[in-house]
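Examining the three-dimensional arrangement
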Amino acid sequence: MRRKLVVGNWKMHGSRLANAELLAALLAARPFAADVAVCAPAVFLSEVAASLAASDIRWGAQDVSAHEQGAYTGELSAAMLQEVGCRYTLVGHSERRAYHAESDQLVAQKAQAALAKGVTPIVCVGETLAEREAGQTDAVVKRQLSAVIHQLAHCAAEMVVAYEPVWAIGTGRTASPEQAQAVHAVLRAQLQAATGRGDSMKILYGGSVKADNAATLFAQADIDGGLIGGASLKAADFIAICRAAQ
Ligand code: PEP
């Protein structure tokens, strides 16, 4: 039985005060039946780490450099994330693929850099609306995942995968539980074929998950929790979503 995982992606939101209030509410709402983590803006990670250190809530980054160190202005290395205690980092979020032109190959290299330092990459895959309407959903997500599987080789089973249809992110338009489950099943089969451990790997769903749709999504056989954007910024909503993950 896979334990569920709920991860908040704060994106470029938050402030010291807002973060402190959000984390205090989250800490007060424990215990959760699922594992819970928040991916904060990098500048806040040390403070988030201090707030959560004595708890079972984990924290992570939203991106990581593919490089170990060097002249890469503005980037953060996996070693730096490890040093501030990050358990996770997102890689390949669709906003980074779209606005920073991140290729499948670069995403794969980032996942490898994270794993090499013991930071679990949460690898985001997902199709655009045009790709879905062209019947390309399975091919797109399999291509995106395949690049990472190939790069990680024998370590591929260590990643977490997040299926995030681009058309559902921040739009209020959620994939139906059946649509999401169908893609998760495809991804799990691919992971199983590549690693032999697909049955124990976590595949999260992300895309307008809210307090009122989380339980139905999380009840699907291959959905192991969620990657939550907008709703992770509102304590009551995020707590309700965490509670929906049993
Ligand atoms: C995300 O950014 O990963 C996400 C799923 O956003 P939202 O929940 O706001 O759709």
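Above this text you will find the structure in question.
Below is a summary of the structure that appears in this document.

Rules behind the numbers
Residues numbered from 1 in each chain as written. Predicted model: local features only at pLDDT ≥ 70, side-chain atom pairs only at ≥ 80, totals over all residues. Heavy atoms only, no water. Helix = DSSP H or I, 4+ residues; strand = E, 2+ residues; numbered from the N terminus. Contact = heavy atoms within 4.5 Å. Pairing = 2+ DSSP bridges. Axes fitted to C-alpha atoms, helices over the stretch in contact; angles between N-to-C directions. Salt bridge = Lys/Arg side-chain N within 4 Å of Asp/Glu carboxyl O.

With the exception of glycine, the majority of residues adopt a negative phi angle, and the majority of peptide bonds are in the trans configuration. Along the chain, Arg30 connects to Pro31 via a cis peptide bond; the corresponding omega equals 5°. Even without being a glycine, Ala101 presents a positive backbone phi close to 50°. Note that Ala101 resides in the loop between helix H4 (94-99) and helix H5 (104-116). Residues other than glycine seldom take positive phi values, yet Ala153 does so here, at roughly 50°. By the secondary structure assignment, Ala153 is in the loop between helix H7 (137-152) and strand S6 (160-163).

On to the environment of Gly206, then. Within the fold, Gly206 resides in strand S7 (residues 203-206). Each C-alpha atom, one on Gly206 and one on Ala29, is 22 Å from the other, the two residues being 177 residues apart in sequence. Not counting residues within four places of it along the chain, the set of residues in contact with Gly206 comprises Tyr163, Glu164, Pro165 and Leu227.

Before going further, it helps to examine the sheet that holds strand S3 (residues 58-61). Taken together, the eight strands give a closed barrel; going around it, the order is S1-S2-S3-S4-S5-S6-S7-S8, and neighbouring strands pair in parallel fashion. When the angles between neighbouring strand axes are averaged without regard to direction, this sheet yields 25°. Sheet topology note: the strand S1 (residues 5-9)/strand S8 (residues 225-228) ladder contains four bridges and is parallel. Note on S8: the bridge partner recorded for Val6 is Gly226. Contacting S1, strand S2 (35-39) and S8, helix H10 (residues 235-244) crosses the sheet at an angle of about 160° to S1.

In this section: the pattern of salt bridges. Applying the stated criterion to the full structure yields 16 salt bridges. In this structure, Arg188 engages Asp222 in a salt bridge whose closest nitrogen and oxygen atoms are separated by 2.6 Å. On the criterion of sequence distance, the pair formed by Arg188 in helix H8 (residues 177-195) and Asp222 in the loop between helix H9 (214-218) and S8 is long-range, its members being 34 residues apart.

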